[in-house]
Amino acid sequence: MKYWRRPLDKNKIKTPKGHIYVIPDRCKGCGFCIEFCPKGVLEESKEINRKGYHLPKIADGKEDDCMNCDFCMLICPEFAIYTEEGE
Amino acid sequence: MSAKGAGNEGKIETVEEHPLDHILRQDRLPHIWCPGCGLGSAMTCFAQAIERVDIPLKKQVLLSGIGCTGRIAGYVNVDSYHTTHGRAIPFATGLKIANPELCVTVFSGDGDLFAIGGNHFLHAARRNVDINVICVNNFNYGMTGGQQGPTTPVEAKTSTTRYGSFEHPFNLPYLAAAIGAVYVSRWTTLHCRHLEKSMEKALQKKGFTFIEIISPCPTGFGRPNKLGEGLEELRYYREKSVIKNDASWDELELHMRGEEPVVVGDFVDTERPTYLELEEQMLRAKGLMK
């Protein structure tokens, strides 16, 4: 992110880091989490679950981009993905 | 986060439990809703909302009628009742009057609440019974095969309107506000955070509250109307939805085609004495209640 001036409290404010978890057998492959992740962290993987749906995976170069906003958890209709505060 | 090894790049850590699992009935999952249906998102928002509000889960009651949305009462692990078709609101009214300590929510579909249960909705809102009504509007009768319902927009195709519907649909927020609901809002299933905040507000508010949730129905409505799968319907909402809290009632009409916007927002937030408050007040004034 580019600032037009350096915020005074930039050293104190830390961007939260998130850790993503998925419950593979619940996923129905609707793609909501992939499409609507505000940071574009997820993409469709080649891996399939027991029902034959493609699971999400972390896109290349986005490993540290999750900010723990929880939007994937809210929009997932299957209770199959969530994030937690990571280190 | 990413396990090292060939073919495993970017793999997400897998687990067996979800943080909202204690609000769900595990033995009932996975639910029956189609991939791409918005009902699951609406249920997640509701689960999150009942967990966040200051009302213990023991005091929460969830009621529903018949239909795809009617299944919600069977999936959420609070006291719940799956009533006969259209009769969720009379049941809720009775429950609230018999035990005013309960926080009663009716979660049902547009066909159940406004076709067969239409009259009950009118009278519960007129009396201002302290219940929360959440209506998931997917513009058709999804469970029985995508027939035309009271909210099907003009010209929309369903399995019983092959040439497009020629009936005017209900404008649900207008209807609810006109008959005296104290809180009226409308969101799509894409507006998860707004929806969750609205649900929290409705659960805590005294009086008859109404939330309309516009939800994709890939099987019953998306396919015949060329709106595509659930994901494409959500993209359509992202493109066309406008948050406008002071929208005029005419703007709230839904067309679901062309360039017509989908106006969402919190439209009404007022106070009015509830049924039980009025009863108590009048009986006290006549000396019939201590």
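Residues numbered from 1 in each chain as written. Chains lettered and ligands numbered in written order. Predicted model: local features only at pLDDT ≥ 70, side-chain atom pairs only at ≥ 80, totals over all residues. Heavy atoms only, no water.

Q: Can you break down the packing of aromatic side chains residue by residue, with the values?
A: Residues and elements named next belong to chain B. Applying the stated rule across the entire model yields 12 aromatic pairs over all chains. With a centroid separation of 5.4 Å and an interplanar angle of 75 degrees, the aromatic rings of F121 and F208 are classed as edge-to-face. You can see F121 sitting in helix α5 (residues 118-127) and its partner F208 sitting in the loop between α7 (192-204) and β9 (209-214), a full 87 residues away along the chain. Both residues of the pair, F121 and F208, count as buried. Each ring, one from F139 and one from F221, has its centre 5.0 Å from the other, and the planes form 35 degrees; the classification is tilted. Of this pair, F139 sits in the loop between β5 (132-137) and β6 (140-141) while F221 sits in helix α8 (residues 218-222), and the two are 82 residues apart along the sequence. Side by side, F139 and F221 carry an identical accessibility label, which is buried. (Phe/Tyr/Trp six-rings, centres within 6.5 Å; stacked < 30°, edge-to-face > 60°. Helix = DSSP H or I, 4+ residues; strand = E, 2+ residues; numbered from the N terminus. Buried < 20%, exposed > 50% of the residue type's maximum accessible area, 1.4 Å probe, protein only.)

Q: An account of the layout of surface pockets is needed here, citing residue identities and associated values.
A: Residue and element names in this part refer to chain B. Taken as a whole, the largest pocket encloses approximately 320 Å³ of empty space. Taken together, 20 residues make up the lining of the largest pocket; nearest its centre are K96, P100, L102, D130 and K206. For the lining of the largest pocket, the secondary structure elements donating two or more residues are β4 (103-109), α7 and α10 (275-285). When residues in the lining of the largest pocket are grouped by element, the largest group, four residues, is from α10. The residue inventory of the lining of the largest pocket, partitioned by class, reads nine nonpolar, three polar and eight charged. (1 Å grid on protein atoms, 1.4 Å probe; cavity = no way out; pocket = protein on both sides within 12 Å on 5 of 7 lines; lining within 4 Å. Points joined across faces, edges and corners; volume = space filled by probe spheres on them. Nonpolar A, V, L, I, M, F, W, Y, C, P; charged D, E, K, R; others polar.)

Q: Hey, could you go over the interface of chain B and chain A for me, with residue numbers and the actual values?
A: Facing the 40 residues of chain B at the interface are 35 residues of chain A. Buried surface at the junction of chain B and chain A, both sides included, amounts to about 3400 Å², of which 64% is carbon and sulfur. On inspection of chain B and its partner chain A, the count reaches four salt bridges. Salt-bridge contacts for B:R235 lead to A:E35; the nearest nitrogen and oxygen are separated by 2.8 Å. At the level of secondary structure, the elements contributing two or more residues to the side of chain B that touches chain A comprise β1 (13-14), α1 (39-52), α7 and α9 (230-240) of chain B. Top contributing element to the side of chain B that touches chain A by residue count: α1(B), with six residues. Considered class by class, the residues forming the side of chain B that touches chain A number 17 nonpolar, 13 polar and 10 charged. Across two bridges, the pairing between strand β1 (residues 18-22) of chain A and β1(B) is parallel. From the neighbouring strand, A:Y21 faces β1(B), where its bridge partner is B:E13. (Contact = heavy atoms within 4.5 Å. Buried area = accessible area lost by both parts, 1.4 Å probe. Salt bridge = Lys/Arg side-chain N within 4 Å of Asp/Glu carboxyl O. Pairing = 2+ DSSP bridges.)

Q: Let's hear about empty space enclosed by the protein: which residues, and what values?
A: A full pass over the atoms with the stated rule returns four cavities of 30 Å³ or more. Each pocket or cavity is described by its volume, and for the largest cavity that value is around 130 Å³. Lining the largest cavity are 17 residues, and of these A:C27, A:G29, A:G31, A:C33 and A:P56 sit closest to its centre. Residue assignment for the lining of the largest cavity shows that the elements contributing at least two residues are α1 (32-36) and β3 (54-58) of chain A. Residue composition of the lining of the largest cavity, by class: 11 nonpolar, three polar and three charged. Its boundaries defined by the atoms lining it, the second largest cavity holds a volume of some 50 Å³. What lines the second largest cavity is simply B:N137, B:F139, B:T151, B:P153, B:P169, B:F170, B:L172, B:R186, B:E212 and B:L254. The class makeup of the residues in the lining of the second largest cavity is six nonpolar, two polar and two charged.

Q: Describe in detail the pattern of salt bridges, supporting the description with residues and values.
A: Residues and elements named next belong to chain B. Taken as a whole and assessed by the stated rule, the structure comprises 19 salt bridges over all chains. With a closest N to O distance of 3.1 Å, K205 and E271 form a salt bridge. Placement of K205 in the loop between α7 and β9 and of E271 in the loop between β11 (262-269) and α10 is noted, with a sequence separation of 66 residues between them. Its salt-bridge partner being E280, residue R284 comes within 2.7 Å of it at the nearest N-O pair. Residue R284 and its partner E280 are both found in helix α10; the two are separated by four residues, about one turn of the helix. Judged by relative accessible area, E280 falls into the partly exposed class, the value being 33%.

Q: Which residues make up the nonpolar core, and what values go with them?
A: Nonpolar side chains in soluble globular proteins generally cluster together in the buried interior. All names here are of chain B. The biggest cluster of nonpolar side chains holds 60 residues, and the ones touching the most others in it are F107, M199, I213 and M256. For this core, the leading source of residues is α1, giving eight residues. Beyond its immediate stretch of four places on either side in the chain, M256 contacts F139, P153, I214, F221, Y236, Y237 and V262. By size, the runner-up hydrophobic cluster in this structure holds 29 residues, among which are C135, L175, F210 and V263. (Core = buried A, V, L, I, M, F, W, Y, C linked by side-chain atoms within 4.5 Å.)

Q: Requested: an account of unusual backbone geometry, with residues and values cited.
A: Residues and elements named next belong to chain B. Here L29 and P30 are connected by a cis peptide whose omega angle stands at 0 degrees. Positive phi, normally seen in glycine, also occurs at N128, with a value near 55 degrees. By secondary structure assignment, the location of N128 is in the loop between α5 and β5. Its relative accessible area of 0% is what places N128 among the buried residues. Positive phi is not limited to glycine here, since M256 has a value of about 55 degrees.

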